[in-house]
Amino acid sequence: MLIFDAHLDLAMNALEWNRDLRRPLDEIRQREKGMTDKPDRGNATVSFPEMRRGGIGLCVATQIARYVEPGNPLPGWHSPEQAWAQTQGQLAWYRAMEECGQMVQIKDATGLAKHLRLWEAAVQASAGPRPQDHGLSVPIGYILSLEGADSIITPKHLERSYAQGLRAVGPAHYGPGTYAQGTDATGGLGQRGRELLKEMERLGIILDVSHLCDESFWEALDHFQGRLWASHSNCRALVPHMRQFSDEQIKVLIERGAVIGSALDAWMLVPGWVRGKTTPESAGLKLERLVDHIDHICQLAGNARHCGIGSDLDGAFGREQTPVETIADLPRLVMMLSAREYSTEHIELIMHGNFVRFLKEIGA
Ligand SMILES: [Zn+2]
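Presented here is a report on the structure given in the accompanying data block.

The rules behind these values
- Residues numbered from 1 in each chain as written.
- Predicted model: local features only at pLDDT ≥ 70, side-chain atom pairs only at ≥ 80, totals over all residues.
- Heavy atoms only, no water.
- Phe/Tyr/Trp six-rings, centres within 6.5 Å; stacked < 30°, edge-to-face > 60°.
- Helix = DSSP H or I, 4+ residues; strand = E, 2+ residues; numbered from the N terminus.
- Buried < 20%, exposed > 50% of the residue type's maximum accessible area, 1.4 Å probe, protein only.
- Donors = N, O, S within 2.8 Å, 3.2 Å for Na, K, Ca; no water.
- Pairing = 2+ DSSP bridges.
- Axes fitted to C-alpha atoms, helices over the stretch in contact; angles between N-to-C directions.
- Parallel < 35°, antiparallel > 145°, perpendicular 65-115°, else oblique.
- Left-handed = near helix turned anticlockwise from the far one by under 90°.
- Contact = heavy atoms within 4.5 Å.
- Nonpolar A, V, L, I, M, F, W, Y, C, P; charged D, E, K, R; others polar.
- Expected span 1.5 Å × (residues − 1).
- Arc of directions from axis to C-beta.

### Digging into the packing of aromatic side chains
- What the rule picks out here adds up to 8 aromatic pairs.
- Ring centres 4.9 Å apart and planes at 20° place the aromatic pair Y94 and Y142 in the stacked group. Taken as a pair, Y94 in helix α4 (residues 80-99) and Y142 in strand β4 (residues 140-147) lie far apart in primary sequence, 48 residues in all. Both residues of the pair, Y94 and Y142, belong to the buried class.

Put into structure tokens, the structure is as follows:
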């Protein structure tokens, strides 16, 4: 079954973690042996071969670069111009991956339909569910997204980004942002944030509400009439934290026709996880916990039309902080949903159908 992953930081991994995602996962891990500069060194779970093995033929891939004002302790660039340059470097890597046939950028309904046909044909021709087992190399489709909008220097830069294929923007990431306040921060959008939303609306860019703090979330929903999704967010009712959505927020997202991608970062799956201390083994963490969050959203909706996967599996954590060994474990969710009496039709919606429908609806 095709899997749509609504949140991967592929370019960040390529350029900041120095991972050649075309290589086998073992080799990527091996080359990081002994390194301590990042928390997940030697524990990567994402590579292109693993994505193909797991049937993840389509994803939302980010550009990401934070701007930090003096006194902001978070890592980030000291000017929006540097942040812009960083995201442009990330785009250059996506382009290089397109040139060597590893990725293909999805910018519109035609491109989406073409890619879905290509993937389907490759799977059929492989005489098995896993194209790469039979030596086929299919490019992975990606929709370009921006996680945290600090790098957008002026509204004109958003227009340039749209021309480059940018189709979704999450105005904030962690901490205070230029256009909105993110995880662990407080406050609303301000004038610049409202202007950004207006420009996004004009261009038809999707608003990604993941990472918005509560105040910014509600203000954004009031000011934005376009389409919105949450690329990678879980449920506050199961794991209390402001990074997660309350039932009230989930209900409004459902009303607005949003799709919510469930994320595989361990601390968002189970309560009481201490980063750097708790391990999947010590917590007995299982992939099944993701199904709890998916099911919670389905119960609130009364249907399976608003859930998807936004694994975030390369979001600065690896096997030390997630219940899977590699992204190729995602197909196991199919059996788990089936065990909870989800029909094949509903499972397909969750694994890819909802996000695909969303993209078709907006013609992106
Ligand atoms: Zn994130």
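### Section: the coordination of the zinc ion
- For the zinc ion, the full set of protein donor atoms is E147 (OE), H211 (NE2) and H232 (NE2), and the range of their distances to it is 2.1 to 2.3 Å.
- Spacing between the donor residues of the zinc ion along their common chain follows E-x63-H-x20-H. With E147 in strand β4 and H232 in the loop between β7 (228-229) and α9 (247-255), the pair connects residues that are 85 residues apart, well separated along the chain. Residues E147 and H232 agree in their burial class; the two are buried.

### Concerning the pairing of strand β1 (residues 4-8)
- In terms of burial, β1 is a largely internal element, 5 of the 5 residues being buried.
- The sheet contact formed by β1 and strand β2 (residues 58-63) spans 3 bridges and is parallel. Paired with D5 across the strands is C59, a residue of β2.

### Quick notes on the packing of helix α6 (residues 155-163) against helix α7 (residues 190-203)
- Packing of α6 against α7 leaves a shortest axis separation of 10 Å and a crossing angle of 30°. Considering their axes alone, α6 and α7 lie roughly parallel with respect to each other. Crossing of α6 over α7 shows right-handed handedness. Contacts between α6 and α7 involve P155, L158, E159 and Y162 from the first element and L196, E199, M200, R202 and L203 from the second.
- Looking at the contact of α6 with α7, its residues break down into 6 nonpolar, no polar and 3 charged.

### Thoughts on helix α5 (residues 109-125)
- Its 17 residues give α5 an end-to-end C-alpha distance of 24 Å, which sits within 8% of 24 Å, the value for a rise of 1.5 Å per residue.
- Taken residue by residue, α5 has L112, H115, L116, W119 and A122 as its buried positions. Each buried residue of α5 lies within a common arc of 130° when the element is viewed along its axis, so the set occupies one face. In α5, those exposed residues whose orientation departs by more than 90 degrees from the buried face are T110, K114, R117, Q124 and A125.

### Considerations on the pairing of β4
- Buried residues dominate β4, accounting for 8 of its 8 residues.
- Burial along β4 is two-sided: I140, Y142, L144 and L146 and G141, I143, S145 and E147, pointing in opposite directions, are all buried.
- Bridging between β2 and β4 involves 6 bridges; their strand directions are parallel. If you follow Q63 over to β4, its bridge partner there is L146.
- Alignment of strand β3 (residues 103-105) against β4, held across 3 bridges, turns out to be parallel. Bridge pairing links Q105 to Y142 in β4.
- For β4 and strand β5 (residues 166-170), the ladder comprises 4 bridges, and the chain directions are parallel.

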